[in-house]
Amino acid sequence: MPCLLRPFGLAAALIAVPFVAAPPALAQDEASGAYLAARAADRAGDYAAMVEYGTRALIADPENIGLLEGLVMAEIGLGQIGAAVPVARRLAVIDGSNQIAGLVLLAQAIRDEDWSGVDERLNDGVSVGILMDDMVRAWGAIGAGRMSEAVTLFDGLIDSGPAGKPALLQKALALALVGDYEGAAAIFGGEETPLRLNRAGVLAFVQVLSQLERNPDAVDLLEKSFPETEDPDLVTLRNELAAGKPIPFTAIEGPRQGIAQLFYEVGESLQGETDPGLVLLYARIEEYLDPGHVGANLVAAQVLDEMESFELAAAAYAAVPEGDLSWPQAQLGHAGALSSLDRVDEAIAVLSAAVERYPTSPVLHAAIGDALRGEQRYEEATPNYDASIALYDADRPAQWRVYFARAITFERRGLWDQAEADFRKALELSPDQPAVLNYLGYSLVERREKFDEALDMIKRAVGARPYDGYIRDSLGWVYYRLGRYDDAVEEMERAVELLPLEPVLNDHLGDTFWAVGREREAQFQWRRALSFITDETDLDELNPDRIRRKLEVGLDVVLEEEGGEPIKK
């Protein structure tokens, strides 16, 4: 697939560029400053600033291809492709073979359902991607009333190899669109060439089955595709199918939506596999072609999250309509983006509103608990986990997370019996979870309880995550508590190699060095621990005054002052 991104390719923007001659009064230093600011904004992913300064720079240099491309990509990044069209036209005049400009103008022709214009753009060399161009042609043929030509194009792709399965899915959707549900079902459920369907594909197949009066098969498909799901909308859909309600085929409504779905499928398939900017490009074009398609909106939101553009991600999640099946999922994402912006109270408000609409969703209740727990508001968090757990009708492995989270709130509040019960319940549901094994094992060590069991738990956690510095620290610490100081040093050194800036780990390494007589190195590590303390450091885990006292008198004296036994007695 060709790369469409050039020097300004990952920028995002707010407004279209007015192309006017540079006024005589525009100072050269101002133009240079705007250009440098635009480049800096582009590198930082500051989309609004990219447009502000890029537009100013372009006034002085209206034929700068890099700036033009950047502004086009900026509009795309913000989902304002209509505003990118005049910029793309200007770019196409300057560089007739420019793929970014061609792609935007192709998208406009598709949006306008100008099928002859679509053919013209493709014939002029505009490429969506080697495997996608003929699929776009096929949908364009359907739009122009040439179904047999479309089938021929799809079949040619299906037989060609790499594009086979994507083209097969597109053909199934095309057949369903024209009412050939039998043909579509044969493809969706084909055993010779099975399709790996995402959520949208599964729901399209479900709709096709329902149109064929095969609701029981649709229920079976849902249950196999989403086992033990707690998604309230999938549960509602399953119940409607089980009650015999006919579900209309709404996966796509026309060729334009078919091409939009193609962009969505490609963008979603590329998530995590390529530059997120390219994924965002496909998702935004899909939104432009089919504004009602929520799946692409969610892909865009997730990519923006990944790119740490949390303001834009929050806006994308918030744009999902309340009546859509994906609305609860979007509220979780919206709250997560707000939390990343340190707007936790707003995040909690979003989740609380979602719980009012879906009071029987354990996931939403637990998400409120997670938001509060992240703010160390443990007493407030616990009842939300209580509410989540109360909605469980049977034990399922995935529930370990909620028991684990509630256990942490109990442990932080000093309610050890309740905490231990929940930790063990989490392990009962999912016995090999390294996070639970580590937390419970470490807690037992700190309580000077069940050292053998704690050591076994932490060793299992290390086996599952050998490169997790915190778990390595736990193993070193249990060795320290057991008096196996040489083993403790070995593990603590590994932990600090993995997380060199973590103050708690450096403090622990200092203690283990002291225990084996490496006192100068111990003092060095304690000083490092103090230097790494930030506002984010958990001072329940790390006491700076205690470290300073160790530097003054040594660890043995501190232990005696605390009523314990010195190591070197």
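Analysis parameters
- Residue numbers restart at each chain and count upward from 1, following the sequence in its written direction.
- Per-residue local features of the predicted model are confined to residues with pLDDT of at least 70, and side-chain atom pairs are confined, for both listing and counting, to 80 or more; whole-chain, interface and lining totals are unaffected and use all residues.
- Think of the side-chain values as coming from all heavy atoms in the structure, minus any hydrogens and water.
- Under the pairing criterion, centres of Phe, Tyr and Trp rings, with the six-membered ring standing for Trp, must be within 6.5 Å; the plane angle then separates stacked pairs below 30 degrees from edge-to-face pairs above 60, leaving the rest tilted.
- Under the scheme used here, helices are H or I runs from DSSP no shorter than 4 residues and strands are E runs no shorter than 2 residues, and both carry numbers assigned from the N terminus.
- Burial classes: relative accessible area under 20% of the type maximum marks a residue as buried, over 50% as exposed, and values in between as partly exposed (1.4 Å probe, protein chains only).
- Here, a charge over a ring is recorded when the distance from Lys NZ or Arg CZ to the ring centre is within 6 Å and its angle to the ring normal is within 35 degrees.
- Residues enter patches when their relative accessible area tops 30% and they take part in no salt bridge; the joining distance is 9 Å for like charges and 5 Å for the nonpolar side chains Val, Leu, Ile, Met, Phe, Trp and Tyr.
- Only the protein chains shown count as covering a residue, and every accessible area follows the Shrake-Rupley method with a 1.4 Å probe.
- Salt bridges are defined by distance alone: a side-chain nitrogen of Lys or Arg within 4 Å of a carboxyl oxygen of Asp or Glu.
- Neither His nor the chain ends contribute to the count of charged residues, in which Lys and Arg are positive and Asp and Glu negative.
- A single reference atom marks each charge: NZ on Lys, CZ on Arg, CG on Asp, CD on Glu.
- Between N-to-C directions, angles span 0 to 180 degrees; the directions come from axes that are lines fitted to C-alpha atoms, helices contributing only their stretch in contact.
- Roughly parallel covers angles under 35 degrees, roughly antiparallel covers those over 145, roughly perpendicular covers 65 to 115, and oblique covers all other angles.
- Note on convention: the crossing is left-handed when the near helix lies turned anticlockwise from the far helix by less than a right angle, right-handed when the turn is clockwise.
- What makes two residues a contact is simply this: any of their non-hydrogen atoms within 4.5 Å.
- Ten residue types, Ala, Val, Leu, Ile, Met, Phe, Trp, Tyr, Cys and Pro, are classed as nonpolar, four, Asp, Glu, Lys and Arg, as charged, and the remainder, Gly among them, as polar.

Caption draft 1: Structural context of the packing of aromatic side chains. Scanning the model with the defined rule gives 14 aromatic pairs in all. Judged by centre distance (6.0 Å) and plane angle (35°), the rings of tryptophan 400 and phenylalanine 404 are tilted. Linking tryptophan 400 with phenylalanine 404, this pair stays in helix α22 (residues 400–412), spanning four residues, or about one helical turn. Comparing tryptophan 400 with phenylalanine 404, the two get one shared label, buried. Taken together, a centroid distance of 4.5 Å and an interplanar angle of 10° make the contact between tryptophan 477 and tyrosine 480 stacked. Of the two residues, tryptophan 477 and tyrosine 480 are both situated in helix α26 (residues 469–481); the distance of three residues between them amounts to about one turn of the helix. Of the two residues examined, tryptophan 477 and tyrosine 480, each falls in the buried class. When the ring centre of tyrosine 288 is taken as origin, the NZ or CZ atom of arginine 111, which lies over that ring, is 4.8 Å away. The positively charged end of lysine 425 is found above the aromatic ring belonging to tyrosine 403, 5.9 Å away from the centroid.

Caption draft 2: Examining a negative patch on the surface more closely. Together, Asp112, Asp114, Glu120 and Asp124 give the surface a local cluster of negative charge. Mapped onto the elements, glutamate 120 comes out in helix α6 (residues 115–123).

Caption draft 3: Expanded view of the pattern of salt bridges. The final tally for this structure, using the stated rule, is 43 salt bridges. Among the salt bridges present, the one from lysine 245 reaches glutamate 240, with a minimum N-O distance of 3.5 Å. Notably, a salt bridge pairs aspartate 456 with arginine 460, separated by 3.8 Å at the nearest N-O pair. One end of the pair is aspartate 456 and the other is arginine 460, both in helix α25 (residues 451–464) and four residues apart, which spans about a single turn. Bridged by salt links that share partners, the residues Glu420, Arg424, Lys450 and Glu453 form one connected network.

Caption draft 4: The arrangement of the environment of leucine 67 in detail. Tracing the backbone through its elements, the reader meets leucine 67 in helix α3 (residues 65–77). Along the backbone, leucine 67 and leucine 91 are 24 residues apart, and their C-alpha atoms lie at a distance of 9.7 Å.

Caption draft 5: View of the packing of helix α11 (residues 199–211) against helix α12 (residues 215–225). Interaxial distance between α11 and α12 falls to 8 Å at its minimum, and their mutual angle equals 165°. Considering their axes alone, α11 and α12 lie roughly antiparallel with respect to each other. In this structure, the crossing between α11 and α12 has a hand that is left-handed. Where α11 approaches α12, its residues Val202, Leu203, Phe205, Val206, Leu209 and Ser210 are matched on the opposing element by Asn215, Asp217, Ala218, Leu221, Leu222 and Ser225. Taken together, the residues of the contact of α11 with α12 sort by class into eight nonpolar, three polar and one charged.

Caption draft 6: Highlighting the environment of phenylalanine 249. Note that phenylalanine 249 resides in the loop between α13 (232–242) and α14 (255–270). Sequence separation between phenylalanine 249 and glutamine 211 is 38 residues; the distance between their C-alpha atoms is 7.1 Å. Beyond its immediate stretch of four places on either side in the chain, phenylalanine 249 contacts Leu173, Ala176, Leu177, Tyr181, Ala204, Gln207, Val208 and Gln211.

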